[in-house]
Amino acid sequence: MSSFPVTRLRRLRGSGALRDLIRETTLSLDHLVMPLFVAPEALPNERLPALARRTVDGTVAECEELVRLGVRAVILFGIPEDKDDEGSGAWIDDGIVQQALRALRPRFPELLLFTDVCLCEYTSHGHCGVVDGDGHVDNDASVELIARTAVSHVEAGADAVCPSDMMDGRVAAIRERLPHTPIVAYAAKYASAFYGPFRDAAGSAPSFGDRCGYQMDPGNVREALRELELDAAEGADVLMVKPALPYLDVLRAARERFELPLAAYNVSGEYAMLKAAAAAGDLDERAAVLETLTAIRRAGADLVFTYWTRDYAGWL
Ligand code: PBG
């Protein structure tokens, strides 16, 4: 390669059109998934609007707007009327997510309806699985209920299921029951402080202990690759790394190793950080969001679950 003065990299930075022409990583609504929270009662969130709870009717109205703006995919989270030890609200036929799916499916045939498959919003103790007599989350008993939840979502109209519980073997259990449904596995999901705003919105913080016994330790990347490997082997179609920004190196390592599509979840704490900085006048919100989403895609994500999806669509 020649060097200066023959080579001048600024030549291709001279105009917007030139920069657009050679950009390596681009953003498009095609790759973004908007999270939505469905609950028996609405609960607006002024500071973090994308974390608002909506009723089934409110969710239908929101999807109308999202579709109008060009959004292609949503992921539904449910906040049930009642919680119990087993999280039965997750899989019952008239559960809140099942109700939302039945309302949305016929109205929005083109909108991709993903569902988060987990028990934490539905259990009285707030853990992602069932708890045994010693206070441990019982892996194999939980897997059974997780798989049952996934099946009930698909029966109600879900296009794809996204298990986020981090139990061992749950992808295989879902795959056995749902041979044709895409599974987006939250494969490398870390025990992260950045889920705080989500847990407030979803009412899913554990009432005792923490999630370190099933979610991953933030120090580990080789272990993340093992998680991804196992979920791929069990039949996952898309592998997710979560959170996104503090784990871009994990995403990059995953990109180099796997041919499967990769997802990243730009989580609630990442959303809250930018919102707070923008509200304080320290950051230009739109520019910071576009840079953030570009960084996540550049690191290797094909699709991005992000609370900015609606705003991004509005900016186009
Ligand atoms: C459910 C689930 C969580 C998130 C997605 N699915 C919370 C958790 O694991 O505690 C977090 C998403 C976010 O913070 O935006 N298990």
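### Describing the site of the ligand
- Of all residues adjacent to the ligand, which total 19 residues, the nearest are Lys-189, Arg-199, Lys-242, Ser-268 and Tyr-307.
- In this structure, a nitrogen atom belonging to the ligand sits 3.5 Å away from a side-chain N or O atom of Lys-242.
- Within the side chain of Ser-268, a nitrogen or oxygen atom sits 2.7 Å from an oxygen atom of the ligand.
- Protein contacts shield 100% of the accessible area of the ligand, which totals 400 Å² for the unbound molecule.
- Sorting the residues of the shell around the ligand by element identifies strand E6 (184-189) and helix H6 (196-202) as the ones contributing at least two each.
- Looking at the shell around the ligand residue by residue, the class counts come to 11 nonpolar, three polar and five charged.

### Focus on the side chain of Asp-165
- Checked against the element boundaries, Asp-165 lands in the loop between strand E5 (160-163) and helix H5 (170-177).
- For Asp-165, the side chain forms a polar contact with the main-chain nitrogen of Met-167, separated by 2.9 Å.
- Sequence-distant contacts of Asp-165, that is, excluding residues within four places in its chain, are made with Val-117, Cys-118, Cys-128, Ile-146, Arg-170 and Tyr-214.

Cut-off values and rules
Residues numbered from 1 in each chain as written. Predicted model: local features only at pLDDT ≥ 70, side-chain atom pairs only at ≥ 80, totals over all residues. Heavy atoms only, no water. Near = heavy atom within 4 Å. Polar contact = N/O pair within 3.5 Å; in protein donor to acceptor, adjacent residues only side chain to side chain. Areas by Shrake-Rupley, 256 points an atom, 1.4 Å probe, with all protein chains shown as cover. Helix = DSSP H or I, 4+ residues; strand = E, 2+ residues; numbered from the N terminus. Nonpolar A, V, L, I, M, F, W, Y, C, P; charged D, E, K, R; others polar. Contact = heavy atoms within 4.5 Å.

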